[in-house]
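Chains, contacts and geometry: an overview
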Amino acid sequence: MMKKNINKMFAGLAALTISITSITACTSKVSNNAAKVSSSAAGKSSDSEKSASDSKAKSDLKAGSDTQSRDLSSIYASEDLDDSWDEADPVQITLNKDSALTSDDSAVAVEGSVITIKKAGVYVVSGEFENGQILVDADEEAVVHIVLNGATLNSSVSAPIYASNAKKVILTLADGTENTLSDAAEYVYAEGEDEPDAALFVKNDLTINGSGTLNITANYADGIKAKGKLLIISGSFNIRAADNAVKGKDSITIEGGEFNIEAQGKGMTSEGALTVYKADIDITKSDEGLEGLTVEIYGGEINIVAGDDGINARVKYDDSISDEEKERLGMQYQESAWIKIAGGSVNVCAEGDGIDSNGDVYIEGGSLYLNGPEDEQNGGLDYNGSAVINGGLYIGVSSSGMSQGFSKASGQNSIEVFYAQTQAGGTAISLTDASGNEIAAITAMKTFSSLIISSPEIKAGETLTLKTGESSQEITVNEGVTTIGESKSGFPGGFGTEMPQPRGDFGGEPPKDSEGNMLPPDREPSGRE
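Everything quoted here is computed from the prediction, not taken from an experiment.

**Details of the overall build of the chain**
- Check the secondary structure of the chain and you find six helices and 39 strands.
- The buried share of the chain, taken over its 529 residues, is 55%.
- Counting only contacts in the chain whose residues sit at least 6 apart along the sequence, the fraction spanning at least 24 positions is 59%.
- Here the chain displays about 21,400 Å² of accessible surface, and carbon together with sulfur accounts for 47% of that area.

**Some words on the pattern of salt bridges**
- For the structure shown, the criterion picks out 16 salt bridges.
- For Glu255, the salt bridge identified is with Arg70, shortest N-O distance 2.5 Å. Note that Glu255 is positioned in the loop between strand S19 (251–254) and strand S20 (258–263) and Arg70 in the loop between helix H3 (47–63) and helix H4 (78–81), a separation of 185 residues in sequence.
- Residue Arg70 is classed as partly exposed on the basis of its relative accessible area of 23%.
- With a closest N to O distance of 4.0 Å, Lys167 and Glu141 form a salt bridge.

**Some points on the nonpolar core**
- By size, the foremost hydrophobic cluster in this structure holds 86 residues, and its most contacted members are Leu206, Met268, Leu290 and Ile311.
- Discounting residues that sit within four places of it in the chain, Ile311 has contacts with Leu290, Val295, Ile297, Ile304, Ile339, Val346, Val348, Gly354, Ile355 and Asp356.
- Membership of the second largest hydrophobic core comes to 21 residues, among which are Ile429, Ala440, Ile442 and Leu451.

**Examining the sheet that holds strand S4 (residues 108–111)**
- One open sheet accounts for twelve strands, arranged S4-S5-S7-S9-S12-S15-S18-S21-S24-S27-S29-S31; its pairing is mixed. Each edge of the sheet is formed by a strand with only one pairing partner; in this case those strands are S4 and strand S31 (381–383). Within this sheet the neighbouring strands show an average axis-to-axis angle of 15 degrees, counted without direction.
- Of the pairings in the sheet, the one linking strand S21 (residues 266–270) to strand S24 (residues 288–292) comprises three bridges and is parallel in character. Of the residues in S24, the one forming a bridge with Lys266 is Glu288.

**Digging into the packing of aromatic side chains**
- Here the structure, examined in full by the defined rule, presents eight aromatic pairs.
- Ring geometry for Tyr162 against Phe201: centres 5.6 Å apart, planes inclined by 70 degrees, an arrangement best described as edge-to-face. Placement of Tyr162 in strand S9 (residues 161–165) and of Phe201 in strand S12 (residues 198–202) is noted, with a sequence separation of 39 residues between them.
- Ring geometry for Tyr277 against Tyr298: centres 5.2 Å apart, planes inclined by 15 degrees, an arrangement best described as stacked. In this pair, Tyr277 sits in the loop between strand S22 (273–276) and strand S23 (280–285) while Tyr298 sits in the loop between strand S25 (294–297) and strand S26 (301–306), placing the two residues 21 residues apart along the sequence. Here Tyr277 and Tyr298 have matching classes, each one buried.
- An aromatic cluster is present here, built from Tyr187, Tyr189 and Tyr220 joined pairwise through their rings.
- Cation over ring: Arg70 sits above Tyr277, and NZ or CZ is 3.5 Å from the ring centre.

**Quick notes on the environment of Ile208**
- With respect to the helices and strands, Ile208 occurs in strand S13 (residues 205–210).
- On the basis of relative accessibility, which here comes to 0%, the residue Ile208 falls in the buried class.
- In sequence terms Ile208 and Ile146 are 62 residues apart; their C-alpha atoms lie 9.6 Å from each other.
- Once residues lying within four places of it in the same chain are set aside, the contact partners of Ile208 are Leu171, Leu173, Leu200, Ile224, Leu231, Ile232, Ile233, Ser234 and Phe237.

**Observations concerning helix H5 (residues 323–330)**
- Three or more residues of H5 are buried, namely Lys326, Glu327, Leu329 and Gly330. Around the axis of H5, the buried residues are gathered within 165 degrees of arc, so they sit on the same side.

**So, the pairing of strand S36 (residues 448–454)**
- Judged by how many residues are buried, S36 sits mostly within the fold: seven of seven residues are covered.
- Direction of pairing for strand S32 (residues 387–398) relative to S36: antiparallel, over a ladder of five bridges. Note that in S36 the partner of Tyr394 across the bridge is Ser454.
- Bridging between strand S33 (residues 414–423) and S36 involves six bridges; their strand directions are antiparallel. Bridging from a neighbouring strand, Gln423 pairs with Phe448 of S36.

**So, unusual backbone geometry**
- The amide bond that connects Glu195 to the next residue, Pro196, takes the cis arrangement and shows omega of 5 degrees.
- Positionally, Pro196 belongs in the loop between strand S11 (178–182) and S12.
- If you check the backbone angles, Lys97 has positive phi at about 60 degrees while not being a glycine.
- One can find Lys97 in strand S2 (residues 91–97).

**Looking at the environment of Glu128**
- Along the chain, the position of Glu128 falls in strand S6 (residues 121–129).
- Separated by 32 residues in sequence, Glu128 and Asn96 have C-alpha atoms that sit 5.6 Å apart.

**Observations concerning the pairing of strand S30 (residues 360–371)**
- Burial runs high along S30: nine of the twelve residues are buried.
- Examined bridge by bridge, strand S28 (residues 338–350) and S30 share ten bridges and lie parallel to one another. The residue bridging Val348 from the neighbouring strand is Leu370, located in S30.
- Sheet topology places S30 next to S32; nine bridges connect them, and they run parallel. Across the sheet, the residue bridging to Val361 is Ala387, located in S32.

Calculation notes
- Per chain, residues are indexed from 1 in the order of the written sequence.
- Local features are withheld for residues below a pLDDT of 70 in this predicted model, meaning they are given only at 70 or higher, and side-chain atom pairs are given and counted only at 80 or more; totals for whole chains, interfaces and linings count all residues.
- With hydrogens and water stripped out, all remaining heavy atoms of the structure feed into the side-chain values.
- Only DSSP runs of H or I with at least four residues qualify as helices, and only runs of E with at least two residues qualify as strands; both kinds are numbered from the N terminus onward.
- Three exposure classes are used, based on accessible area relative to the maximum for each residue type with a 1.4 Å probe and protein chains only: buried under 20%, partly exposed in between, and exposed over 50%.
- Pairs of residues are marked as contacts when any of their non-hydrogen atoms sit within 4.5 Å.
- Using a 1.4 Å probe, the Shrake-Rupley method yields the accessible areas, and only the shown protein chains count as cover for residues.
- Within this document, salt bridges are pairs made up of a side-chain nitrogen of Lys or Arg and a carboxyl oxygen of Asp or Glu, the two lying within 4 Å of each other.
- By nonpolar core is meant a set of buried Ala, Val, Leu, Ile, Met, Phe, Trp, Tyr and Cys residues that side-chain atoms within 4.5 Å join together.
- What makes two strands pair is DSSP finding at least two bridges between them.
- Angular values range over 0 to 180 degrees, each being the angle between N-to-C directions of two axes fitted as lines to C-alpha atoms, with helices fitted over their stretch in contact.
- Aromatic pairing here means that ring centres of Phe, Tyr or Trp (its six-membered ring) are within 6.5 Å. Orientation follows from the plane angle: under 30 degrees is stacked, over 60 is edge-to-face, and everything else is tilted.
- Note on geometry: a ring has a charge over it if NZ (lysine) or CZ (arginine) is within 6 Å of the ring centre and within 35 degrees of the ring normal.
- Regarding the arc, it is the one traced by the directions from the helix axis to the C-beta atoms.

Here it is, written out as structure tokens:
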């Protein structure tokens, strides 16, 4: 949400007042938004069918199954999917408050409060460690498989699990177990060091699988962090973080799982691709909910409460670039950044932009329910390139000052409504066809002055009925975008349905090296990553 910061400086005090009210409005579970869609429009089962299948759906999410029947064995290495250990002749690590025992002294060294895993293999950890750390310091080609089998680890000086050296760490949450990690509020570092900085910190790749539960209280910074690729196959996660809840530097891929997240920073963030195939993700507090160079969602149920942007796609530049340059670059079209929603149900309640892409937005399926900002310096949809919808349901309410709609290239019709008067939070909105069948509905969680609806059921030439609270009006649908009213920006169609791809005059050229070559996006920023 970098594009409007200049305006925000002048609206800061007013926005702060609004934000305090709005955050209260967003604290209830976003999925309880009474958002509905006809079964033909969104492929939803009936309420009775949904109730009957709730238990199975939760089980499927936890185990990482996918409605598209993704064959994970053809995608990932067998080691990533292996959550068994009974027959692997594992090394046992038994925690006993202030001490630990191991079944193999050649593989594990116990020195005071530090348990060091020294080589590849399977390690089963159980018991409670009141103040200490599991340190993985193995060969650079080693694959270390750690099974948390009812383990509680706390550290008062650092991270309870720190993998400083290994090719990959696989963390299995044993079936039926509850496991807990908590770290220090202040870390003690050796001179010149600044790692680890997460309760679960892996310097390279990290895979998490299994059907157990992992509770994380990250008092210092991040909850889970991998400096390489982060792959989550399954599991249940309850994470409270002083900064980011989940971070995968190179990428985050989520095939399944249940996530309950409360973060002061990002809910999930990556400098590369963030991809969700199926999961139940409930982010009850965050600065930004989901963030990456690209964010793609193919299934599951995702609920986001954000103090800034709900979902954000951007290029990240390193600290050799000034904040002013980063600000200008954030105003430019970034071809490599995009947000794509192709399935699942996504519910967003954001104080900043609901959906913010420095590149493009693609909606191809699923359903997206959005409660956007109340202040006029942000919008429900915000993008620097284009926003194309060719399938699925979108229904969003927000302020109208910076509102953007869907681009002309969209293959699905949409309706944009700009209200002459600000509508109250709690207002029920519904769109029905000539036979009275409901196409879409939402109950606004905050005040709003604009509404955007797009659905396969919105067909050109048909007359639909829009009900906002007690008011009702008929709308004859045009091909493409049907606009009702005028936004506060003064433009009939809002701030714009398609942004130019600005360069020097609008936001400055991207930074270049001494030979005139454009600097690449950050891949190894300085300072804490």
